[in-house]
Amino acid sequence: MQLTTPYYLIDKSRLIRNMEKIARLRDTSGAKALLALKCFATWSVFDLMRDYMDGTTSSSLNEVRLGHERFGGETHAYSVAYADYEIDEVVSHADKIIFNSIGQLERFADRASGIARGLRLNPQISSSSFDLADPARPFSRLGEWDLAKVERVMDRISGFMIHNNCENADFDLFDRMLGVIEERFAPLLKKAEWVSLGGGIHFTGEDYPVDRFAERLKRFAGDYGVQVYLEPGEASITKSTTLEVTVLDTLHNGKHLAIVDSSIEAHMLDLLIYRESAKLKPNKGPHRYMVCGKSCLAGDIFGEFDFEKELKVGDRISIEDAAGYTMVKKNWFNGVKMPAIAIRELDGSIKTVREFTYADYEQSLS
Ligand SMILES: Cc1ncc(COP(=O)(O)O)c(C=O)c1O
Ligand SMILES: NCCCCNCC[C@H](N)C(=O)O
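As recorded in an unreviewed UniProt entry, the protein chain goes by the name Carboxynorspermidine/carboxyspermidine decarboxylase, listed as coming from Sinorhizobium sojae CCBAU 05684. Per UniProt, the protein chain has the following entry under Function (unreviewed entry): "Catalyzes the decarboxylation of carboxynorspermidine and carboxyspermidine." The record in UniProt for the protein chain states the following under Subcellular location (unreviewed entry): "Cytoplasm".

Encoded structure:
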């Protein structure tokens, strides 16, 4: 039976391709891999993912709890700032807690004395071409960079987290930036037991030199005597998922337009935030359409794509690469029907794991 659109469709066989690359990297480099829940937190596939990854990392109390309860393994807690009322519960779910600032560390170190504590370092360089996602942007609040200040709190921490990559598919750039990190922070790294190099490294992408990457991580671990962690979000789930939609209307207003039963604003928000087009395959043929969402936002547009045939009401469209920063960011703008979440199992069968109803919409408000 055809499922009713819209729905996100996670394909386990595609997900496994990423997982196998991650597992190979762990074996060859000795690095541990933690899923960044901020990017992808659809726990129905955690049973598959946990066989290939060491655990999760988080950005909030809710995420650390989800990681602990639904994924298991090693659970890292990080937040830009913890509130007094949440710190004890955060600690109860975590193996390690990483503070974003010395101020937070000093405030909460004693309440986190039962688990490993760390600090976020900001190396003041990044691979991000997006100001919005650049942790090293001017006046950044993300981590400490003053070596002397960090030296003074070394007795309260055993490791560091450094996240400065963003969709970085260029190994040489990663390598150079790690070199700068070593130059800047060598005295601190030598005193650490573990270092997380964060996420944003696209090592599961095609043609990424995974062996060189593994060798670099292993060398870094050996030089400083640290356990290296990676926090892949996008790299864990890239190309595993589609957003399945249906054409509701077609118009011609100088261009051919197709309106679908979804919304980029509500269901693939990152594309709108970063001004990127959605991806469609094969995107070939003589009929060009602007594929638009059904919210009232004038710019609710997935992109312009080429089709073999003219689109008509009822046609199905599959939007590619719809796992990262989508389901975790979906919202009820315009009350648009929220996509269900479905999984294509390894035997090809599809099961719906979550549907959202009017009650969910109503209960999201009061
Ligand atoms: C600290 C940290 N770790 C990991 C990630 C995951 O990044 P990505 O999904 O690009 O791999 C992020 C992204 O925000 C992050 O801030
Ligand atoms: N596709 C456009 C850029 C996406 C950036 N994603 C990662 C954001 C993450 N929150 C970060 O800040 O590193």
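The discussion continues.
Draft legend 1. Region of the structure containing the domain arrangement of the protein chain. Structurally, the protein chain comprises domain 1 (12-236) and domain 2 (241-322 + 330-364). Buried area between domain 1 and domain 2, both sides added, is near 920 Å², and the carbon and sulfur share of it is 64%. In terms of surface lost to domain 2, no three residues of domain 1 exceed Lys12, Arg14 and Phe130, which account for 47% of the buried area on that side. Ionic pairing is found between Lys12 and Glu345, a salt bridge with its closest N-O pair at 2.9 Å. At the junction of domain 1 and domain 2, the tally comes to 2 residue pairs in polar contact (both at pLDDT 80 or more).

Draft legend 2. A look at the site of ligand 2. The environment of ligand 2 is made up of Phe130, Ala133, His163, Cys166, Glu167, Tyr274, Glu276 and Tyr325. In this structure, a nitrogen atom belonging to ligand 2 sits 2.8 Å away from a side-chain N or O atom of Glu167. With respect to ligand 2, the side chain of Glu276 contributes an N or O atom lying 2.8 Å from a nitrogen atom. In isolation ligand 2 exposes 390 Å². Once the protein is present, 80% of that is buried. Looking at the shell around ligand 2 residue by residue, the classes come out as 5 nonpolar, 1 polar and 2 charged.

Draft legend 3. Here's a closer look at the site of ligand 1. Taken together, the residues surrounding ligand 1 are Ala36, Lys38, Cys39, Met161, His163, Gly199, Gly200, Glu231, Gly233, Glu234 and Tyr325. With respect to ligand 1, the side chain of Lys38 contributes an N or O atom lying 2.8 Å from an oxygen atom. Contacts to ligand 1 include Tyr325, whose side-chain N or O atom sits 2.6 Å from an oxygen atom. Computed on the free molecule, ligand 1 has an accessible area of 400 Å², of which 87% lies beneath the protein chains in the complex. Looking at the shell around ligand 1, its residues break down into 4 nonpolar, 4 polar and 3 charged.

Draft legend 4. Region of the structure containing the environment of Lys351. Mapped onto the elements, Lys351 comes out in strand E16 (residues 350-354). Discounting chain neighbours no more than four positions away, the residues touching Lys351 are Ile341, Ala342, Ile343 and Glu345. Within polar-contact distance, the side chain of Lys351 engages the side chain of Glu345 at 2.8 Å.

Draft legend 5. Structural detail: the packing of aromatic side chains. Per the counting criterion, the structure on display carries 14 aromatic pairs. Here the aromatic rings of Phe171 and Phe174 are separated by 6.3 Å at their centres, their planes lie at 35 degrees, and the arrangement is tilted. Here Phe171 pairs with Phe174, and both are found in helix H7 (residues 171-191), just 3 residues apart, close to one helical turn. Among the residues examined, Phe171 registers a relative accessible area of 5% and is labelled buried.

Draft legend 6. Representation of the sheet that holds strand E4 (residues 74-79) within the structure. As summarised here, the arrangement of the 8 strands in space is E2-E3-E4-E5-E6-E7-E8-E9, forming a closed barrel in which the pairing is parallel. Across this sheet, the average inter-strand angle for adjacent strands is 25 degrees, counted without regard to direction. Each of strand E2 (32-36), strand E3 (55-57) and E4 is contacted by helix H3 (residues 61-71), which is oriented at about 170 degrees to E4, the strand it contacts most.

Draft legend 7. Inspection of H7 at higher detail. At Phe185, H7 shows its largest bend, some 85 degrees, and a proline, Pro187, comes one to four positions later. Among the residues of H7, those classed as buried are Phe171, Phe174, Met177, Leu178, Ile181, Glu182, Phe185, Ala186, Leu188 and Leu189. As for H7, its buried residues are in contact with helix H6 (147-151), strand E7 (159-161), strand E8 (194-196) and helix H8 (210-224). Taking the backbone nitrogen of Asp172 as reference, a side-chain oxygen 3.0 Å away marks Asp170 as the first, capping residue of H7.

Draft legend 8. Representation of the pairing of strand E5 (residues 96-99) within the structure. Side-chain alternation along E5 places Lys96 and Ile98 on one buried face and Ile97 and Phe99 on a second face that is also buried. Here 4 bridges tie E4 to E5, and the two strands are oriented parallel to one another. Bridge assignment links Tyr78 to a residue of E5, and that residue is Ile98. On the question of chirality, the crossover connecting E4 to the parallel E5 by way of helix H4 (residues 87-93) is right-handed. As paired strands, E5 and strand E6 (residues 116-120) are joined by 4 bridges and run parallel to one another. Across the sheet, residue Phe99 finds its bridge partner in E6, namely Leu119.

Draft legend 9. Up close: the UniProt feature "binding site: substrate" (unreviewed entry) in the protein chain. Residues given the UniProt feature "binding site: substrate" (unreviewed entry) here are Glu234 and Asp270. Across 37 residues of sequence, these annotated residues stay compact in space, with a maximum C-alpha separation of 12.3 Å. Along the chain, Glu234 turns up in helix H9 (residues 234-237). Looking at Glu234, the relative accessible area reads 17%, which means it is buried. Those residues within four positions of Glu234 in sequence are excluded, and the remaining contacts are Cys39, His202, Gly324 and Tyr325. Its place among the elements puts Asp270 in helix H11 (residues 269-273).

Quick notes on the rules
- Residues numbered from 1 in each chain as written.
- Chains lettered and ligands numbered in written order.
- Predicted model: local features only at pLDDT ≥ 70, side-chain atom pairs only at ≥ 80, totals over all residues.
- Heavy atoms only, no water.
- UniProt positions renumbered as here; feature names shortened; annotations may be inferred.
- Domains from an automatic or database assignment.
- Buried area = accessible area lost by both parts, 1.4 Å probe.
- Salt bridge = Lys/Arg side-chain N within 4 Å of Asp/Glu carboxyl O.
- Polar contact = N/O pair within 3.5 Å; in protein donor to acceptor, adjacent residues only side chain to side chain.
- Near = heavy atom within 4 Å.
- Areas by Shrake-Rupley, 256 points an atom, 1.4 Å probe, with all protein chains shown as cover.
- Nonpolar A, V, L, I, M, F, W, Y, C, P; charged D, E, K, R; others polar.
- Helix = DSSP H or I, 4+ residues; strand = E, 2+ residues; numbered from the N terminus.
- Contact = heavy atoms within 4.5 Å.
- Phe/Tyr/Trp six-rings, centres within 6.5 Å; stacked < 30°, edge-to-face > 60°.
- Buried < 20%, exposed > 50% of the residue type's maximum accessible area, 1.4 Å probe, protein only.
- Pairing = 2+ DSSP bridges.
- Axes fitted to C-alpha atoms, helices over the stretch in contact; angles between N-to-C directions.
- Bend = angle between axes of the 7 residues up to and from the residue.
- Right-handed = clockwise from strand over helix to strand, strands pointing away.

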